[in-house]
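Each chain, letter by letter, is given below.
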Amino acid sequence: MTLTAQDRIDIDDLVNRHGHLVDAGELDRLDELFTPDVVYDASDYGGAPLHGVAAIREAALALGPANPVGHHVTNIVITAVDEVTARVRSKGIGILAGGTVGSAVYDDVVTRGPGGWRISHRKITARRAPLGGAGPRDVLEQFRQAVIDQSAETLASLYAADAVHEFPFTRPGLPSRLSGRDEIMRWTTAMWPAVTYRRYRTLAIHDTGDPDTIVVEQEAVGADFALPNIVVLTVRAGQITRFRDYVNILAAEAVLG
């Protein structure tokens, strides 16, 4: 499938126009950018994907002064899917009022309708790790999938040999600290026959002053339970070095019986 030169110009303008409208606060014009049923997935920054133009507008208003003062888009690559659909990947640079700068990747699906090209799906992925290895958010997702799959091999590969896994909220008879990959894996895999997680629900992810450390508010969801916990995760060179697991012990014991 091919796109005309005018299609490519229009799609390029569409992606660029997002920053101009949002930074100017012209949120009543978001329908010029998105389809009515758009899915806007910024879950890499915490929270659930947004559905519809109104939800995007409300989220931006709720964020208030925490919104970037500048959205800058570069490196736009357009790939045709069919005559009315294309995939667009671009780089995003966001600048906050305090001068903090962040980098992201936009993965868009754009659709041509009666009003021209619009974004029907946008996935925003934060770029936090250099070439030296995956960052904490990437490792968090790999960790979750390994636990869901109960893959000991994958999970072990995510921990550094001298990693520490801590349980600040514990009770007599339960460990407060597991030292080293081997001890962590023995403890973790011993729990797997008693409990199976189907997915994780992200409530929020918070960056810290250390780019290798994040704070995660989440729920581990099974067939008939949801275990809340807070995790402070530190990753160096793509591996977990410290995992502080503020699990709700009473809720976990109820699930484990």
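Owing to the predicted nature of the structure, the values given are computational and were not obtained by experimental measurement.

Draft legend 1. The arrangement of the sheet that holds strand β8 (residues 177-179) in detail. In spatial order, the strands read β8-β7-β12-β11-β10-β9; together these six strands make up an open sheet with mixed pairing. Every interior strand has two partners, whereas the edge strands, β8 and β9 (199-207), have only one. The average angle at which neighbouring strand axes cross in this sheet is 20 degrees, direction not considered. Inspection of the sheet shows strand β10 (residues 213-221) paired to strand β11 (residues 226-236) by nine bridges, in the antiparallel sense.

Draft legend 2. How the structure looks around the environment of Gln142. For Gln142, the position within the fold is in helix α3 (residues 136-149). For the pair Gln142 and Gln218, spaced 76 residues apart in sequence, the C-alpha separation works out to 15 Å. Not counting chain neighbours up to four residues away, the residues in contact with Gln142 comprise Ala134 and Leu158.

Draft legend 3. Spotlight on the packing of aromatic side chains. Applying the stated criterion across every chain yields a total of seven aromatic pairs. Summarising the aromatic geometry, the rings of Phe34 and Tyr40 are spaced 5.7 Å apart at their centres and angled 85 degrees between planes, so their arrangement reads as edge-to-face. Just as Phe34 is buried, Tyr40 falls in that class too. By the ring-pair criterion, three or more aromatic residues cluster together here, those being Phe143, Tyr159 and Phe243. The ring of Tyr106 carries Arg122 above its face, with NZ or CZ at 4.1 Å from the centroid.

Draft legend 4. Region of the structure containing the pairing of β11. In textbook terms, the turn of a hairpin is the stretch between consecutive antiparallel strands, and for β10 and β11 this stretch comprises four residues. Sheet topology note: the β11/strand β12 (residues 239-247) ladder contains eight bridges and is antiparallel. If you follow Arg236 over to β12, its bridge partner there is Gln239. A loop of two residues connects β11 with β12, the two strands running antiparallel in sequence, and Ala237 in this loop sits at a positive phi of about 50 degrees.

Draft legend 5. Here's a closer look at the sheet that holds strand β1 (residues 34-41). Strand order in this open sheet of six strands is β2-β1-β6-β5-β4-β3, and the pairing throughout is mixed. Among the strands making up the open sheet, the edge pair consists of β2 (50-51) and β3 (70-82). Bridge count for β1 against β2 is two bridges, and the pairing is antiparallel. Looking across to β2, one finds that Val39 is bridged to His51. Together, β1, β3, β4 (85-95), β5 (101-113) and β6 (116-127) form the strand contacts of helix α1 (residues 5-23), whose direction differs from that of β3 by roughly 150 degrees. Along the sheet, helix α2 (residues 53-63) makes contact with β1 and β2, crossing β1 at roughly 50 degrees.

Draft legend 6. Expanded view of the pattern of salt bridges. Counted according to the given criterion, the structure contains 14 salt bridges. In this structure, Asp207 engages Arg137 in a salt bridge whose closest nitrogen and oxygen atoms are separated by 3.1 Å. In this pair, Asp207 sits in strand β9 while Arg137 sits in helix α3, placing the two residues 70 residues apart along the sequence. Overall, Asp207 belongs to the partly exposed group, its relative accessible area being 48%. Here Glu166 and Arg242 are joined by a salt bridge, their closest N and O atoms 2.9 Å apart. Here Glu166, found in strand β7 (residues 159-166), pairs with Arg242, found in strand β12; they are 76 residues apart in sequence, far enough to count as distant. Classification of Glu166 as buried rests on a relative accessible area of 9%. Classification of Arg242 as partly exposed rests on a relative accessible area of 38%.

What counts, and where the lines are drawn
Residues numbered from 1 in each chain as written. Predicted model: local features only at pLDDT ≥ 70, side-chain atom pairs only at ≥ 80, totals over all residues. Heavy atoms only, no water. Pairing = 2+ DSSP bridges. Helix = DSSP H or I, 4+ residues; strand = E, 2+ residues; numbered from the N terminus. Axes fitted to C-alpha atoms, helices over the stretch in contact; angles between N-to-C directions. Contact = heavy atoms within 4.5 Å. Phe/Tyr/Trp six-rings, centres within 6.5 Å; stacked < 30°, edge-to-face > 60°. Buried < 20%, exposed > 50% of the residue type's maximum accessible area, 1.4 Å probe, protein only. Lys NZ or Arg CZ within 6 Å of the ring centre and 35° of its normal. Salt bridge = Lys/Arg side-chain N within 4 Å of Asp/Glu carboxyl O.

In short, shape yes, function no, at least from these values alone.
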